[in-house]
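Each chain, letter by letter, is given below.
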Amino acid sequence: MKKVWNWYRSVSAMLLIVLSFGIGLLSKLVEIKFEDLAMGLQLIAFFFLISGLIRFFDKTVFK
């Protein structure tokens, strides 16, 4: 768990945003057969998108 946390803290904002779109697309492809898995992937994608946007605007606009 510590490796995951360290990766999350060190990854760039743009990579989080791109990763969220990739996970979102994957969840839409899986949604037909596995609805529960798709909802979990969409939740992870939303979390990555929001945290990526917060990091992006924090570094560019507010500094």
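First things first, this report covers the structure right here in the doc.

**Focus: the overall build of the protein chain**
From N to C terminus, the protein chain includes three helices and zero strands. Traced from its N-terminal end to its C-terminal end, the protein chain shows the element sequence α-α-α. In terms of overall dimensions, the protein chain has a C-alpha envelope of 45 × 25 × 15 Å along the principal axes. Within the protein chain, the proportion of its 63 residues that are buried is 25%. Sequence separation of 24 or more characterises 63% of the internal contacts of the protein chain that already satisfy a separation of 6 or more. Once the 8 positive and 4 negative side-chain charges of the protein chain are each reduced to a mean point, those two points are 17 Å apart.

**Some remarks on the side chain of Ser51**
Within the secondary structure, Ser51 is located in helix H3 (residues 35-60). By relative accessible area, which is 10% here, Ser51 ends up buried. If we ignore the near neighbours within four places in the chain, the residues touching Ser51 are Tyr8 and Leu16.

**Let's talk about the packing of aromatic side chains**
By the definition in use, this model includes five aromatic pairs. Taking 6.2 Å as the distance between ring centres and 45° as the angle between the ring planes, the aromatic pair formed by Phe47 and Phe48 counts as tilted. With relative accessibility at 12%, the residue Phe48 sits in the buried group. The interplanar angle of 70° and the centroid separation of 5.3 Å between the aromatic rings of Phe56 and Phe57 together place this pair among those described as edge-to-face. The class for Phe57 is partly exposed, based on a relative accessible area of 39%. Connected via pairs of aromatic rings, a cluster forms that spans Trp5, Trp7, Tyr8, Phe47 and Phe48. Here the guanidinium or amino end of Arg55 rests over the ring plane of Tyr8, the centre of that ring lying 4.5 Å away.

**Quick notes on H3**
In a regular helix each residue adds 1.5 Å, so 26 residues correspond to 38 Å; H3 covers 37 Å between its end C-alpha atoms and thus fits that length. Elements that come into contact with the buried residues of H3 comprise helix H1 (2-10) and helix H2 (13-30).

**Observations regarding the side chain of Arg55**
Relative to the elements of secondary structure, Arg55 occurs in helix H3. Buried charge without a partner: Arg55 forms no salt bridge, and the closest opposite charge is Asp58, 8.3 Å away. Residues contacting Arg55, with those up to four places away along its chain left out, are Tyr8, Arg9, Val11, Ala13 and Leu16.

The rules behind the values
- Residues numbered from 1 in each chain as written.
- Predicted model: local features only at pLDDT ≥ 70, side-chain atom pairs only at ≥ 80, totals over all residues.
- Heavy atoms only, no water.
- Helix = DSSP H or I, 4+ residues; strand = E, 2+ residues; numbered from the N terminus.
- Buried < 20%, exposed > 50% of the residue type's maximum accessible area, 1.4 Å probe, protein only.
- Contact = heavy atoms within 4.5 Å.
- Lys, Arg positive; Asp, Glu negative; His and termini not counted.
- Charge placed at Lys NZ, Arg CZ, Asp CG, Glu CD.
- Phe/Tyr/Trp six-rings, centres within 6.5 Å; stacked < 30°, edge-to-face > 60°.
- Lys NZ or Arg CZ within 6 Å of the ring centre and 35° of its normal.
- Expected span 1.5 Å × (residues − 1).
- Salt bridge = Lys/Arg side-chain N within 4 Å of Asp/Glu carboxyl O.

Bear in mind that shape data such as this cannot, by itself, settle questions of function.
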